[in-house]
Amino acid sequence: MARDSEDTMIDRIPDSELEIMNIIWEHEAPVSRQTIEEAVAAQRPLAQTTILTLLTRLAKKELVSVTKNGRSSEYTPLIGKEEYLASQSRRFIERECGHKMSIFASALAGGLSKDEIEELRALLASEE
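Now for a look at the structure at hand. (Residues numbered from 1 in each chain as written. Predicted model: local features only at pLDDT ≥ 70, side-chain atom pairs only at ≥ 80, totals over all residues. Heavy atoms only, no water.)

Let us now look at helix H2 (residues 33–43). Ile36, Glu37, Ala39 and Val40 are the residues of H2 that are buried. Buried residues along H2 cover an arc of 165 degrees about the axis, so they all sit on one side. Turned more than 90 degrees from where H2 packs its buried face, Gln34, Ala41 and Ala42 sit exposed. In this fold, the buried residues of H2 make contact with helix H1 (15–26), strand E1 (31–32), helix H3 (48–60) and strand E3 (72–77). (Buried < 20%, exposed > 50% of the residue type's maximum accessible area, 1.4 Å probe, protein only. Helix = DSSP H or I, 4+ residues; strand = E, 2+ residues; numbered from the N terminus. Arc of directions from axis to C-beta. Contact = heavy atoms within 4.5 Å.)

Right, let's get into the nonpolar core. The nonpolar side chains of a soluble globular protein tend to be buried with one another. Ranked by size, the top nonpolar core spans 20 residues in total, and within it Ile20, Met21, Ile24, Ile36 and Ile79 carry the most contacts. Within the residue set of this core, elements represented by two or more residues are H1, H2 and H3. For this core, the element with the most residues is H1, which contributes 5 residues. (Core = buried A, V, L, I, M, F, W, Y, C linked by side-chain atoms within 4.5 Å.)

Applying the stated criterion across every chain, the model contains 2 aromatic pairs. An angle of 35 degrees between the planes, with centres 6.1 Å apart, marks the rings of Trp25 and Tyr84 as tilted. One end of the pair, Trp25, is in helix H1; the other, Tyr84, is in helix H4 (residues 81–96), and 59 residues separate them in sequence. By the burial criterion, Trp25 is buried, and Tyr84 matches it. With 6.0 Å between their ring centres and 70 degrees between their planes, Phe92 and Phe104 make a pair best called edge-to-face. Note that Phe92 is positioned in helix H4 and Phe104 in helix H5 (residues 101–110), a separation of 12 residues in sequence. Take Phe92: its relative accessible area is 35%, and that puts it in the partly exposed class. (Phe/Tyr/Trp six-rings, centres within 6.5 Å; stacked < 30°, edge-to-face > 60°.)

It is worth stressing that arrangement in space is one thing and function is another; only the former is reported here.
Here is the structure:
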């Protein structure tokens, strides 16, 4: 699922496509089109043709691979959710915080509860 480099930036996925990616990430790969359609239907009405268009876009962007299984297709993510979120976080810090993690951390810490700060500390300590 990983890209060539940890530093590779992944373009932002538009919200409608990200909704589909989240469904794919939530299920064990490969995920059938029917499973995706059912999951979308549970959230909001969306035409099958629209779902197929979104899946086609994700495949063209090389975010999912498509495998034909009889008359249906199955989709496997080519990037992980954590990889995508890490890339978008780096992009945000670069763009909005002028490459300064301290600005981001200060803004983040201002909106966290004491429990969330402790959870963050534990996470950071485990990464060292």
